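# Fold and contact review
The primary structure of each chain is shown beneath.
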Amino acid sequence: MSSSTEQRRNEVLRAIVSDFIALHEPVGSKMLVDRHKLGVSSATIRNDMAVLEAEGYITQQHASSGRIPTAKGYRAFVDGLHQVKPLSSPERRAILNFLENGVDLEDVLRRGVQLLSQLTRQVAVVQMPDLRRGRVKHCEVVQLGTHRVLLVLITDTGRVDQRNVDLAQPLADDDVQRLRDIVNSAMVGRTLDDACSHIARVARDAQNQQLPSELRGPVVAVATVLVETLLERPTDKLILAGTPNLVRTVELTPVLEALEEQVVVLKLLSSARDLQVKVSIGEENEDEELRSASIISTGYGNNEAVLGGLGVVGPTHMDYTGSISSVTAVAHYVSRILSGE
């Protein structure tokens, strides 16, 4: 087969996939001739379609109907998307402005999936960060009274924990900064596990009278609460938006059930170990519940660490070009905001 023939058949396949995604109805040779300038006769296109069907890229539901893409056809289409059209400047600004109004990590991620669902008209899903990858960014100590302080622990993943600490001995105003410096010196820049070990060591030093007497009690009390806080490991959590988009598609009922159970999708998003977009189509999905769907996913975070995964779940006839652009853009801006850029 000549390269020109192969190129034309690839164009015919792309046209069939594009038309089926746009119209949700089988595509016939006449439709291809009318909608696309392929430069050949209807007979040639019918021959190309017969070859594409024999090779498993398209199929025919009824003898007299047009063709629809198979999972293999969608995969060839996606693999042929060498360059995805980026979103326009106004679209990118709108995404950034909407996300920047998030008040904390969870709010930013919740806004991200809401936006992604609206852009793609699919179910959007994001995984909350794996907190074990985080590092302590700062611990603020706020005096609430002579016998009580407020701790605000902030990590570079956007996690914020607040704890009240009751003190057995009074803490003078002048000693609050000293307490804050001791705590941050032990924890800032360390992983949560390392920070936990170091602040526990500080508590032992205080009990062994290696700190001034006026700070021993407050340091032990504060360190104890911080160790408890750092040892907490909230369970993995998904945030979803747009589930009504699946309800309209009967064959995707098992997918909706899988999303509700979360385990299957958590496993899928946890495999996003880099910031590259991954497309998984139909039978390519390991889990049976997802074999009637396609998933477009990627990681978010920075070059040093992927904090979690996000993406969209929808039918195999989803708009791959637009959805890949939207997933890429939202992940990029979520990453920027969480990195403080």
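Bear in mind the structure is a predicted one, so any value in this text is a computation, not a measurement.

Now for the overall build of the chain. Scanning the chain from N- to C-terminus turns up 13 helices and ten strands. In terms of C-alpha radius of gyration, the chain reaches 27 Å, well past the compact-globule figure of 20 Å for 341 residues. Taken along its principal axes, the extent of the C-alpha atoms in the chain is 95 × 40 × 35 Å. Here the chain, with 341 residues, has 47% of them falling under the buried criterion. Surface summary for the chain: the accessible area is close to 17100 Å², and the carbon and sulfur share equals 47%. Positive and negative side-chain charges in the chain, numbering 37 and 44 respectively, have mean positions lying 4 Å apart.

Before going further, it helps to examine the nonpolar core. Ranked by internal contacts, the top residues of the largest apolar core, which has 51 residues, are Leu32, Ile95, Leu109, Ile296, Tyr300 and Tyr320. Tallying contributions element by element places helix α13 (residues 320-338) first for this core, with nine residues. Mapped onto the domain boundaries, this core takes at least three residues apiece from domain 1 (4-80) and domain 2 (89-130 + 235-339). Excluding residues that lie within four positions of it along the chain, Ile95 makes contacts with Leu87, Leu115, Leu119, Ala329, Val330 and Tyr333. Membership of the second largest hydrophobic core comes to 32 residues, among which are Val136, Val183, Cys196 and Val225.

Following both chains from N to C, one finds helix α1 (residues 3-23) and helix α3 (residues 42-54) inclined at 80 degrees, their axes separated by 10 Å at the closest point. With respect to α3, the element α1 is oriented roughly perpendicular. Contacts between α1 and α3 pair Arg8, Arg9, Val12, Leu13 and Ile16 from the former with Thr44, Asn47, Asp48, Met49, Val51 and Leu52 from the latter. Considering only residue class, the contact of α1 with α3 consists of six nonpolar, two polar and three charged.

For the rest of this paragraph, the subject is the sheet that holds strand β6 (residues 160-166). Read across the open sheet, the three strands follow the order β4-β5-β6; overall the sheet is antiparallel. Each edge of the open sheet is held by one strand with a lone partner, namely β4 (136-145) and β6. Adjacent strand axes in the sheet meet at a mean angle of 20 degrees, parallel and antiparallel pairs treated alike. In the packing of helix α7 (residues 176-187) onto the sheet, the strands contacted are β4 and β5 (148-155), and the crossing angle to β4 comes to about 155 degrees. Against the sheet, helix α9 (residues 213-231) engages β4, β5 and β6, with an angle of about 145 degrees to β6.

What follows covers helix α11 (residues 253-261). Among the residues of α11, those classed as buried are Val255, Leu256, Ala258 and Leu259. Each buried residue of α11 sits inside an arc of 160 degrees when the element is viewed along its axis, so together they form one side. Within α11, the exposed residues directed more than 90 degrees away from the buried face are Glu260 and Glu261. Of the residues trailing α11, Gln262 is marked for its positive phi of about 75 degrees.

Each assigned domain of the chain is listed here: domain 1 (4-80), domain 2 (89-130 + 235-339) and domain 3 (135-231). Computed from C-alpha atoms alone, the centre-to-centre distance between domain 2 and domain 3 is 37 Å. Listed as interface residues are four residues of domain 2 and, on the opposing side, four residues of domain 3. When domain 2 packs against domain 3, close to 290 Å² is buried across both sides, 62% of that on carbon and sulfur atoms. Sorting the residues of domain 2 by area buried against domain 3 places Leu105, Leu307 and Leu338 first, and these three jointly supply 79% of that buried surface. Connecting domain 2 to domain 3 are zero salt bridges. At the surface where domain 2 touches domain 3, the tally comes to zero residue pairs in polar contact (both at pLDDT 80 or more). For the side of domain 2 that touches domain 3, the residue count by class is four nonpolar, no polar and no charged.

Cut-offs applied
- Residues numbered from 1 in each chain as written.
- Predicted model: local features only at pLDDT ≥ 70, side-chain atom pairs only at ≥ 80, totals over all residues.
- Heavy atoms only, no water.
- Helix = DSSP H or I, 4+ residues; strand = E, 2+ residues; numbered from the N terminus.
- Rg over C-alpha atoms; globule rule 2.2 N^0.38 Å.
- Buried < 20%, exposed > 50% of the residue type's maximum accessible area, 1.4 Å probe, protein only.
- Areas by Shrake-Rupley, 256 points an atom, 1.4 Å probe, with all protein chains shown as cover.
- Lys, Arg positive; Asp, Glu negative; His and termini not counted.
- Charge placed at Lys NZ, Arg CZ, Asp CG, Glu CD.
- Core = buried A, V, L, I, M, F, W, Y, C linked by side-chain atoms within 4.5 Å.
- Domains from an automatic or database assignment.
- Contact = heavy atoms within 4.5 Å.
- Axes fitted to C-alpha atoms, helices over the stretch in contact; angles between N-to-C directions.
- Parallel < 35°, antiparallel > 145°, perpendicular 65-115°, else oblique.
- Nonpolar A, V, L, I, M, F, W, Y, C, P; charged D, E, K, R; others polar.
- Pairing = 2+ DSSP bridges.
- Arc of directions from axis to C-beta.
- Buried area = accessible area lost by both parts, 1.4 Å probe.
- Salt bridge = Lys/Arg side-chain N within 4 Å of Asp/Glu carboxyl O.
- Polar contact = N/O pair within 3.5 Å; in protein donor to acceptor, adjacent residues only side chain to side chain.

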